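# Structural overview
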Amino acid sequence: MNMIEELLSIALSAAPWLLLGLFIAGLIKAWMPQNLLQRWMGGDGLGSILRAAVIGMPLPLCSCGAIPTALALHRGGAGRGPTTSFLISTPGVGVDSILLTSVLLGPLVAVARVLGAMVTAIVTGILVGLSADEKVTPVPEAGSCASQGCCASKGCGDSSKETAAGSGVIVGLKYAFSDLLDDISGWVFAGLLLAGVLVTFVPPDTLVGFSGGFLALVLMALIGIPLYVCATAATPIAAGLLLAGISPGMALVFLLAGPLTSLATLAILRREMGSQAVAIYLSSILVVTVLLGWGLDALLGLTGWNIVQQASEVQELLPEWLEWAALVVLALVSLRPLRRRALGF
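The notes below deal with the structure included here. (Residues numbered from 1 in each chain as written. Predicted model: local features only at pLDDT ≥ 70, side-chain atom pairs only at ≥ 80, totals over all residues. Heavy atoms only, no water.)

Here we come to the layout of surface pockets. The computed volume of the largest pocket comes to approximately 350 Å³. If you trace the largest pocket, you find 17 residues lining it, with Val188, Phe189, Leu192, Leu327 and Leu330 closest to the centre. Among the secondary structure elements, those contributing two or more residues to the lining of the largest pocket are α1 (2-31), α9 (169-201) and α16 (320-334). No other element matches α9, which puts six residues into the lining of the largest pocket. Residue composition of the lining of the largest pocket, grouped by class: 15 nonpolar, two polar and no charged. (1 Å grid on protein atoms, 1.4 Å probe; cavity = no way out; pocket = protein on both sides within 12 Å on 5 of 7 lines; lining within 4 Å. Points joined across faces, edges and corners; volume = space filled by probe spheres on them. Helix = DSSP H or I, 4+ residues; strand = E, 2+ residues; numbered from the N terminus. Nonpolar A, V, L, I, M, F, W, Y, C, P; charged D, E, K, R; others polar.)

Attention shifts here to the packing of helix α11 (residues 231-244) against helix α12 (residues 248-260). Direction vectors running N to C along α11 and α12 enclose 160 degrees, while the axes themselves pass 9 Å from each other. By the criterion of interaxial angle, the relationship of α11 to α12 is roughly antiparallel. As for the relative orientation of α11 and α12, their crossing is right-handed in sense. Mapping the contact onto sequence places Ala231, Ala234, Thr235, Ile237, Ala238 and Leu242 in α11 and Pro248, Ala251, Phe254, Leu255 and Pro259 in α12. Of the residues belonging to the contact of α11 with α12, the class tally is ten nonpolar, one polar and no charged. (Axes fitted to C-alpha atoms, helices over the stretch in contact; angles between N-to-C directions. Parallel < 35°, antiparallel > 145°, perpendicular 65-115°, else oblique. Left-handed = near helix turned anticlockwise from the far one by under 90°. Contact = heavy atoms within 4.5 Å.)

With that settled, consider the pattern of salt bridges. Considering all chains together, one arrives at one salt bridge under this definition. Between aspartate 182 and arginine 336 there is a salt bridge; the shortest N-O distance is 3.5 Å. On the criterion of sequence distance, the pair formed by aspartate 182 in helix α9 and arginine 336 in helix α17 (residues 336-343) is long-range, its members being 154 residues apart. Among the residues examined, arginine 336 registers a relative accessible area of 42% and is labelled partly exposed. (Salt bridge = Lys/Arg side-chain N within 4 Å of Asp/Glu carboxyl O. Buried < 20%, exposed > 50% of the residue type's maximum accessible area, 1.4 Å probe, protein only.)

All right, on to the environment of leucine 242 then. Position of leucine 242 among the secondary structure elements: in helix α11. Along the sequence, leucine 242 and isoleucine 307 sit 65 residues apart, while their C-alpha atoms lie 9.8 Å from each other. With residues up to four places along the chain from it excluded, the contact list for leucine 242 reads Leu105, Ser247, Pro248, Ile307 and Val308.

Printed below as a string of structure tokens:
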């Protein structure tokens, strides 16, 4: 019963912000055509890398969902650097995961997550852009994404067709509350369940002995990089780990390293840009996320800010009836047969 109460508490806090994030994601999907991305990300200079990092962050795509778009942009003129920057920033954060981070881990961690994803994308894009251009054999754009274990629906399809079809707000919202929600709902439930287990059965300060220092940060990065989890689902897991005693820096490392990589991303990157690009990609993510986690711990040590208290204050902003209403709506929309019968998608 205690675990159910903890799980319900986390779900109630998250539901309104997740609904808001999905709504905003639908608007972005409708108003961000691929030809506009192509124009902004063309070339291989620092400006293109910066724009790719900024543009990619709010887009409602997971790691696998970003692959078709990134391939189309790369083959349409975007350089190695901007393509890599886009591949990192897009799954690293999204409007839904940013809002969830604010409510479950506090506004400071949310800001650190956004800046961290941007810095990781820019640094890695610059390094990959400077690497030698290997001769590789391109693969079809709609490749073996779905078989490699991340998104299961249209995130792995031909994004150019989706963008052409998704020119209206209604179509964008349908995408957010059907394809995108179907992609993340299972992961989010698993993340909430794990967070509930951690909060219930792992007493506070249990992991304090394993927290702090570079080795702990490196260990968290090494755990997060191969453990692909979408940005939204990673948030409650990080919150549960934080309450169990890990440092905020370790939580940030997990939030950054976990969503940025997948087997599909690495396979496509290797085929498009070569093995050297993959080695730089992984090394850069490891080093940059660890440094960012260390920087957050150092900042909190100097200022004495309590991020758990910040998260509690944000969770108290909304009335309980609104949280229950949002949770009920989210649960009903997540059930495909009921959603299709009621909404037609």
